[in-house]
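These are the residues of each chain, in order.
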Amino acid sequence: MTRKSHKTAVVAFKVEEELAEFLNKLPNKSAFIRKAIAAQMKMACPLCNGSGVDRRGVHDHYAALLDDLSSRNCEGCRKTMPLPRDDGDLSQDERSRLEQFFHGGPLYCDDCYEKAPTCGECGWHVPEVAEHRRKVHAE
């Protein structure tokens, strides 16, 4: 039998209004945030190993490749879409659709995003809700 660890420390931080609204809709905000932080900690940039900077030779070598890879196909209709590197480049309308991709979810065009089923736990639009819940929300 697995024992749950006791969480005794409280952490507070400021977020944008849209993120606060999203978090407040979750059934277990703390578990979601813990999982998101754990996932982020496991994904250091493969070029800089998480340091935030590259040596000039590495930067120059990969810069052209990154430009070539700046698009991706929609997971619904396979239409090619530009892929922004930073969510600061997004309009408010694009933000919620692309946020799930930035956090590891599927990337959809506007039409496919609206048609895809929505997970009742996290709000992501996914191809198969049951499979998504099993993989992402299983404790």
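Quick note: structure is the one above.
Parameters at a glance
- Residues numbered from 1 in each chain as written.
- Predicted model: local features only at pLDDT ≥ 70, side-chain atom pairs only at ≥ 80, totals over all residues.
- Heavy atoms only, no water.
- Core = buried A, V, L, I, M, F, W, Y, C linked by side-chain atoms within 4.5 Å.
- Buried < 20%, exposed > 50% of the residue type's maximum accessible area, 1.4 Å probe, protein only.
- Helix = DSSP H or I, 4+ residues; strand = E, 2+ residues; numbered from the N terminus.
- Contact = heavy atoms within 4.5 Å.
- Phe/Tyr/Trp six-rings, centres within 6.5 Å; stacked < 30°, edge-to-face > 60°.
- Arc of directions from axis to C-beta.

Student: Just to check I follow, could you spell out the nonpolar core for this structure?
Tutor: Grouped together as the largest cluster of nonpolar side chains are twelve residues: C74, M81, L83, L90, L98, F101, L107, Y108, C109, C112, Y113 and A116. Taken together, the elements giving at least two residues each to this core come down to α4 (92-102) and α5 (110-115). Leaving out residues up to four positions away in the same chain, C112 has contacts with C74, G76 and C77. Within the second largest apolar cluster, seven residues are counted, among which are L23, L26, W124 and V129.

Student: How should I be thinking about the packing of aromatic side chains in this particular structure?
Tutor: The description of an aromatic ring pair uses the distance of the two centres, along with the angle that the planes make with each other. Summed over the entire model, instances satisfying the criterion amount to two aromatic pairs. Measuring from centroid to centroid gives 5.6 Å for F22 and F32, while their planes differ by 70°, and the two rings are edge-to-face. Note that F22 is positioned in helix α1 (residues 17-24) and F32 in helix α2 (residues 29-41), a separation of ten residues in sequence. Residue classification places F32 among the partly exposed residues on the basis of a relative accessible area of 25%. When the centroid spacing of 6.1 Å and the interplanar angle of 50° are considered together, the rings of F101 and F102 count as tilted. With a relative accessible area of 16%, F101 lands in the buried category.

Student: Explanation requested: α4 in the structure shown.
Tutor: Those residues of α4 not exposed but buried are R97, L98, Q100 and F101. For α4, the angular spread of the buried residues around the axis is 140°, confining them to a single face. Turning to α4, the residues buried within the fold contact β1 (71-73), β2 (80-82) and α5. Once α4 ends, the next one or two residues include G104, with phi positive near 100°.

Student: I keep staring at unusual backbone geometry and nothing clicks. Help me out?
Tutor: Backbone phi values are negative for most residues with the exception of glycine, while trans is the configuration of most peptide bonds. Positive phi outside glycine occurs at R78, with the angle close to 75°. Tracing the backbone through its elements, the reader meets R78 in the loop between β1 and β2.

Nothing here speaks to function; it is all geometry.
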